[in-house]
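# Per-entry structural report
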Amino acid sequence: MEEEREVELQVEEDSEAGRETEIPPPQLAEPGTQGIIRGRDLFGYVGIEAVLDQMRRKTMKAGFEFNIMVVGQSGLGKSTLVNTLFKSKVSRKSCTPSYEEKISRTVHLKSVSHIIEEKGVKMRLTVIDTPGFGDQINNENCWDPIVKYINEQYEKYLTEELHITRKRRIPDTRVHCCVYFLPATGHRLRPIDVEFMKRLGKIVSIVPVIAKADTLTMDERLDFKQRIRQDLQASGIRVYPQKEYDEDVEDRIRNDKIRENIPFAVVGTDKEHQVNGNKVLGRKTKWGIIEVENVAHCEFANLRDLLVRSHLQDLKDVTHYIHYETYRVRRLNESNASVSGLSALPLENGITEKYEAQSQL
Amino acid sequence: MTTNMRYKSRIIKTEDSEDKQYVGFATLPNQVHRKSVKKGFDFTLMVAGESGLGKSTLVNSLFLTDLYKDRKLLNAEERISQTVEITKHTVDIEEKGVKLKLTIVDTPGFGDAVNNNECWKPITDYIDQQFEQYFRDESGLNRKNILDNRVHCCLYFIPPFGHGLRPVDVEFMKALHERVNIIALIAKADCLTPNETKKLKDRVRDEIERFGIKVYQFPECDSDEDEEFKQMDKELKECTPFAVIGSNTVVEARGQRVRGRLYPWGIVEVENQSHCDFVKLRNMLIRSHMHDLKDVTCDVHYENYRAHCIQQMTSKLAQDNRMDSSIPILPLPTPDAETERLIKMKDEELKRMQEMLEKMQQQMHEKDQ
């Protein structure tokens, strides 16, 4: 836990540091001080900004953890997409050529962990797969095992947190992001999509993507996305990035741009072909080569930027500060109520304000 | 024969012998052709599959009409409470004097719900209803203008996203393969590379065989067809299930206006054989096998239904008769009653035959004496 706190330390500076300033979390503030401490103009170089370097060094040593869950019907390219996202053979499915995909009778979750490294930064990536989701004739309650798993991870973390002697660094197995694969039908959301996202949007950050989007023309894609957005709004489903968690104008502008484009239409592959003398990742068909990283062809690059390059830490933050806190409050209320004999007040997940959750600590 | 005749016969011998043996019924096909052109043809095609697989687009591309102009797509909320419906669109098409009354039976809502148990039941009920109506009309008094609404062919759309047949596909085809000609298609084939298409087709063919699904089999070529036709036929059979792409739009490709889909990475032409099997499907469905599909429906599926129906009716009658008998019989479950009735029938037959044999033997004895 300590390492994570240091990572989230926001330095208060009124110089042109370029980083977003944030109200420091209450645990770190010394007793007695509240809110922002406005500094005066410095008449010399103090060296406060060197703390950024220290932070960077520490996090590089400690490494990151990221848990991503992929949900969708079989054959939508989940494993291929994960492999393409992290440019490594993380998921065994699409690597072994003789792998025979069998539709399993029940939904069971498989989690695979890998440690990948880039420029000295280590990341422990865990991919949680959900084979069997939505494949049966009767798919009622196929989301229950998934909801149970997510809550179990929160429970594990909570138990660790409540120990008297806590570990220096609690292993974080909570699901930071759930990528939900929609088949590219071109029409609207299906009932199973609505049911799943309604239930899971309250406990985890959902990123919906349109899978195998090379079957939609540009116009069809725009129409499809618009209809999906309408459906999401009509059903009250909140997907990542959620509007109410935008902290300031910059965030809002950035996230609005993303929100106008979800769900991202992606195409995944791990094969390379030659295009104009360059080697590109793509799918070769008789009528052309679909370049996966070309923004004009599909939105894989946008998804990758969102998940890995710009919002990875934010996903973890939202999971930790909002979803986990909601779960924690609910659980503590429940256990309080059972002790005192009162009925637990039901808490609406996902509606509590970020600051409200923080202030309850 | 006189020399004159012989001379004549040497020159026009062939025509002469032809005239002598020529009866003239070789023109029957032309007569049938003329009559049927006047009467016109009718064909009922059913399209089934999950929504969003391009069924309507394919139908429009196949018959070059727009049957679904004012369709409204339901949103997810409305779809949750929707059940499988059966909708019919009829269109009269005429080409070079030949009239075709085409009926498309659509099945919106199939496979869309969360719980799809028995979602094919409305479809099988519909097909049985059409058979029943035809059966009644056939057994009726006025048989002049029987309306043939029987479903001649069912195009089943398999999504290209999966790894072969899903449970709902298998169950649907098994419920329908004894009632209608099923042709399996791989929909939206423009999301597959050529390798993937081949793998998927092999996979689907294997699974169809493994689960014992009887899809429509192309009839064998006659041995006197020419080699080209036989080659085409062989190619057709190896190509199933057809990987199809449909399109409602016309785009410009290679200087021509073709039906196709425009992507940033290229143009998919619907009628290009190397892009998809649409042309093969169209040729098979309309140009070469339409009549055979109708024949198989009439001769095989309808006859099966009819035999089953009659058997049910007679067993019901036997049951009723049994109920009226004065001897108190314990009520038996129907299968036993059925076999008992058959045994009884066989016994009676045997008895009769034995009696006849005895009578004949007696007669022979009398004759001898």
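What counts, and where the lines are drawn
- Residues numbered from 1 in each chain as written.
- Chains lettered and ligands numbered in written order.
- Predicted model: local features only at pLDDT ≥ 70, side-chain atom pairs only at ≥ 80, totals over all residues.
- Heavy atoms only, no water.
- Buried < 20%, exposed > 50% of the residue type's maximum accessible area, 1.4 Å probe, protein only.
- Helix = DSSP H or I, 4+ residues; strand = E, 2+ residues; numbered from the N terminus.
- Contact = heavy atoms within 4.5 Å.
- Pairing = 2+ DSSP bridges.
- Axes fitted to C-alpha atoms, helices over the stretch in contact; angles between N-to-C directions.
- Buried area = accessible area lost by both parts, 1.4 Å probe.
- Salt bridge = Lys/Arg side-chain N within 4 Å of Asp/Glu carboxyl O.
- Phe/Tyr/Trp six-rings, centres within 6.5 Å; stacked < 30°, edge-to-face > 60°.
- Lys NZ or Arg CZ within 6 Å of the ring centre and 35° of its normal.

Turning our attention to helix 7 (residues 167-176) of chain B. An α-helical turn contains 3.6 residues, so a residue and the one three or four places further along point in the same direction. Residues and elements named next belong to chain B. Judged by how many residues are buried, helix 7 sits mostly within the fold: 8 of 10 residues are covered. What helix 7 keeps buried is the set Pro167, Val168, Asp169, Val170, Phe172, Met173, Ala175 and Leu176. As for helix 7, its buried residues are in contact with strand 1 (41-48), helix 6 (121-139), strand 4 (153-158) and strand 5 (182-186).

Glancing now at the sheet that holds strand 9 (residues 266-269) of chain B. All names here are of chain B. The 3 strands lie next to each other as 7-8-9, forming an open sheet whose pairing is antiparallel. Lying at the two open borders of the sheet, with one neighbouring strand each, are strand 7 (250-253) and strand 9. Each neighbouring strand pair of the sheet contributes to a mean axis angle of 70 degrees, computed without reference to strand direction. As paired strands, strand 8 (residues 256-263) and strand 9 are joined by 4 bridges and run antiparallel to one another. Across the sheet, residue Arg261 finds its bridge partner in strand 9, namely Val268.

What follows concerns the interface of chain A and chain B. Taken together, the contacts link 47 residues of chain A with 45 residues of chain B. Together, the buried faces of chain A and chain B total about 4,000 Å²; carbon and sulfur atoms form 59% of this surface. Broken down residue by residue, the surface that chain A buries against chain B is led by Ile137, Pro191 and Trp287 of chain A, which jointly contribute 22%. Scanning the region where chain A abuts chain B turns up 2 salt bridges. With its nearest N and O atoms 2.7 Å apart, the salt bridge here joins Glu220 of chain A to Arg261 of chain B.

Turning our eyes to something else, we now look at the packing of aromatic side chains. Evaluation of the coordinates by the stated rule reveals 13 aromatic pairs over all chains. Seen in terms of ring centroids, Phe133 of chain A and Phe196 of chain A are 5.0 Å apart; in terms of plane orientation they differ by 70 degrees. Their pairing is edge-to-face. With a gap of 63 residues between them, Phe133 of chain A in the loop between strand 3 (121-129) and helix 4 (144-162) and Phe196 of chain A in helix 5 (residues 191-200) connect regions that are remote in the sequence. For the pair Phe133 of chain A and Phe196 of chain A, one class covers both residues: buried. These aromatic residues form a ring-pair network of at least three members: Tyr154, Tyr157, Tyr324 and Tyr327 of chain A. Positioned above the aromatic ring of Tyr157 of chain A is the side chain of Arg174 of chain A, whose terminal nitrogen or guanidinium carbon lies 3.7 Å from the ring centre. When the ring centre of Tyr302 of chain B is taken as origin, the NZ or CZ atom of Arg150 of chain B, which lies over that ring, is 4.7 Å away.

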